[in-house]
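Fold and contact review
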Amino acid sequence: MVEICTTNNSLRLRYAAEQFFAPLTVRWCADGKDLYAPEKAIFYQCQSNQGVVIGPSVRDWTSLDFFYTEQPNDWGNDILLRSSEIDVFEVVFYLLARVDEYLNPNLDEHGRICTDAFIQQQWSGLNCAYIDLMRAEWIARLGIEDTFRSAKELTIDVDSAYAFLHKGMKRTLGGLVKDLIKFDFRNLSERCRALMGGEDRFDTYSYVLSQAKLHEWKARFFFLLADFGPQNIGLPFQSKGLQMLIQELDKHTAVGIHPGYHPWEEYAQATAIEVNRLKEIVGRPIQESRQHFLRMQMPDTYRLLEALGIQRDYTMGMAKEVGYRAGTSRSFRWYDYQQDRISDLEIVPFWGMDSAMKRHKGWDIATAKAEIISAMKEIEGKGDWRMIWHNETLSDAREWKGWRGVFEQQFK
Ligand SMILES: [Zn+2]
C-alpha cells in the first residue's frame, strides 16, 4: 500500500497515482495525522518534513477544465533523472491518457497516429518504459514492498489462418490459376502438397502451443474475420476449417477478435459484425481485441470497443517502431481525456511487432535478437513483456527463414 496525503480531490490525480502504483493500492488521506506511516508517505502539494513531498505543478493539470494546448516543456529531456523533482503523476497522466494523440493528430498512410511528435522523442526515444522505471525507483525511495510480478505472454495475430487450405472452391481454384500464370512453381507445388493433406506453411499453431507450454507462457490468438478486401485477406469466416481451428485454440488457450481494416465511416458497423462472428464461433462473449494494422482512432475506437463489450485491447504499440507508445509495458485502464472519465477498458501494451523489426527497422536476425535481449533486461521485474507475432512469420520459411530463432529469444 502507498499512502498519499493531499487535499486535491481530482479524478485525474487519483487515476494517475493509482495506475502508477498498481497493483499496490493507494490510501488517500486529506490530513497528515491520519497516515499510518508518514515517513513512507507522499505529500502531494502540501508541506511536510517527513516522507516525500511533491510540490505544486506548473499547470493546473488536475483540474477537469484544463486541456493541454501544447506539450509541457518544463520536464527537461532527462525525465528518468528528474522524476523526483517534477510532478511525476502529471507525467504519468500525460502518457497514459495519450494526450499527444489529441495534440498532434498527424496520421500515416494507413490513418495511424504518427509517433514523431510523441513527447518521448524529446527524452531518450520511444524504446523506454519510462513509467515502469520511474515506478520502481519511487517504490525503492519510499521503502515500500512491491507486490508487482511481471507477466509474459505470446500474442499472435492471425490475418490469414492458412496459406492454401479452407479458402473455398473459388479462391482455391483462383490461386492455382494464378500460380500457373505467374509460373510460380514453388508456390504451386506447396499448394498442391497442402491440398493433398500435406503441410500448410501458415499452420504454425501447434508450434506456438508447444512453445507456450514448454516455457509456461500464456498464448493469445487474435483472428481476422472481416469480409475479403485489399487489406483483409483472411479466410472466409464461414470456412469450416477456420471455425474448427478457432474452436480448438479457444479450448487450449485464449482467442480474441482482430477487427479488420475499413474506411473510418464503415468501421464501427463492420467491427460490431466481426465481434459477433467470433462470438457465434466460440459460443461466448468476446472480451479481447487487437486492431488489424494497429489501425485505430483516439478516442473513437476505444469507445466503440467498450460499447461492444470488449474488456481488454492489445493495440497499444507501434507499427513502425519498437518501444512503448504509452511509456509503459504494463496494462492500465484507459482514461477518456475528452470526457474526463476512467473507462472500464483495460489497455494492454506490447513492445514490438515482427514486421516492425524486419521491414521498418530493417533489422537482421542477430540485431533483432540483441534488441529483444536488451528490451527484456530493461523491464525485468519492473514491467510486462509482450510482442506481436503472426502465424505466417513463424513459418520459418521464405522471407521469415530463421525468425523462429528470434521468437524463441524471448524465452531465453
Ligand atoms: Zn493483422
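Remember, predicted model here, so these are calculated numbers, not experimental data. (Residues numbered from 1 in each chain as written. Predicted model: local features only at pLDDT ≥ 70, side-chain atom pairs only at ≥ 80, totals over all residues.)

**Considerations on the sheet that holds strand E3 (residues 42-44)**
Spatially, four strands are ordered E2-E1-E3-E4 in an open sheet, and the strand pairing comes out parallel. Of all the strands in the sheet, the pair left with one neighbour each is strand E2 (26-29) and strand E4 (52-54). Averaged over all pairs of adjacent strands, the angle between their axes in this sheet comes to 25 degrees, without regard to strand direction. Here strand E1 (residues 2-5) runs beside E2; their pairing, made up of four bridges, is parallel. Residue pairing in the sheet places Glu3 in a bridge with Arg27 of E2. (Pairing = 2+ DSSP bridges. Helix = DSSP H or I, 4+ residues; strand = E, 2+ residues; numbered from the N terminus. Axes fitted to C-alpha atoms, helices over the stretch in contact; angles between N-to-C directions.)

**Quick look at the pairing of strand E6 (residues 218-223)**
The element E6 is extensively covered by neighbouring structure, given that five of its six residues are classed as buried. Inspection of the sheet shows strand E5 (residues 152-158) paired to E6 by six bridges, in the parallel sense. Considered in E6, the bridge of Glu153 is made with Lys218. Sheet analysis places E6 next to strand E7 (residues 254-257), joined by four bridges and oriented parallel. Its bridge partner lying in E7, Phe223 is registered against Ile257. Crossover connection from E6 via helix H8 (residues 240-252) to parallel E7: handedness right-handed. (Buried ≥ 20, exposed ≤ 12 C-beta atoms within 10 Å, placed from the backbone. Right-handed = clockwise from strand over helix to strand, strands pointing away.)

**What about the domain arrangement of the protein?**
Domain boundaries assigned for the protein yield domain 1 (2-142), domain 2 (152-163 + 201-409) and domain 3 (170-196). With 26 residues of domain 1 at the contact, the number on the domain 2 side is 27 residues. The element contributing the most residues to the side of domain 1 that touches domain 2 is helix H4 (residues 130-142), with five residues. In terms of residue class, the side of domain 1 that touches domain 2 is made up of 15 nonpolar, seven polar and four charged. (Domains from an automatic or database assignment. Contact = placed C-beta atoms within 7 Å. Nonpolar A, V, L, I, M, F, W, Y, C, P; charged D, E, K, R; others polar.)

**Some details on the environment of Ala268**
Along the chain, Ala268 turns up in helix H9 (residues 264-282). Once the C-alpha coordinates of Ala268 and Thr301 are considered, the two residues, 33 residues apart in sequence, prove to be 8.1 Å apart.

**Observations regarding the nonpolar core**
The biggest cluster of nonpolar side chains holds 93 residues, and the ones touching the most others in it are Ala16, Phe89, Val92, Phe93, Leu96, Phe221 and Phe223. Ranked by residue count, the leading element in this core is helix H2 (residues 88-96), at eight residues. Counting contributing residues per domain, this core is built from domain 1 (2-142) and domain 2 (152-163 + 201-409), each supplying no fewer than three. (Core = buried A, V, L, I, M, F, W, Y, C linked by C-beta atoms within 7 Å.)

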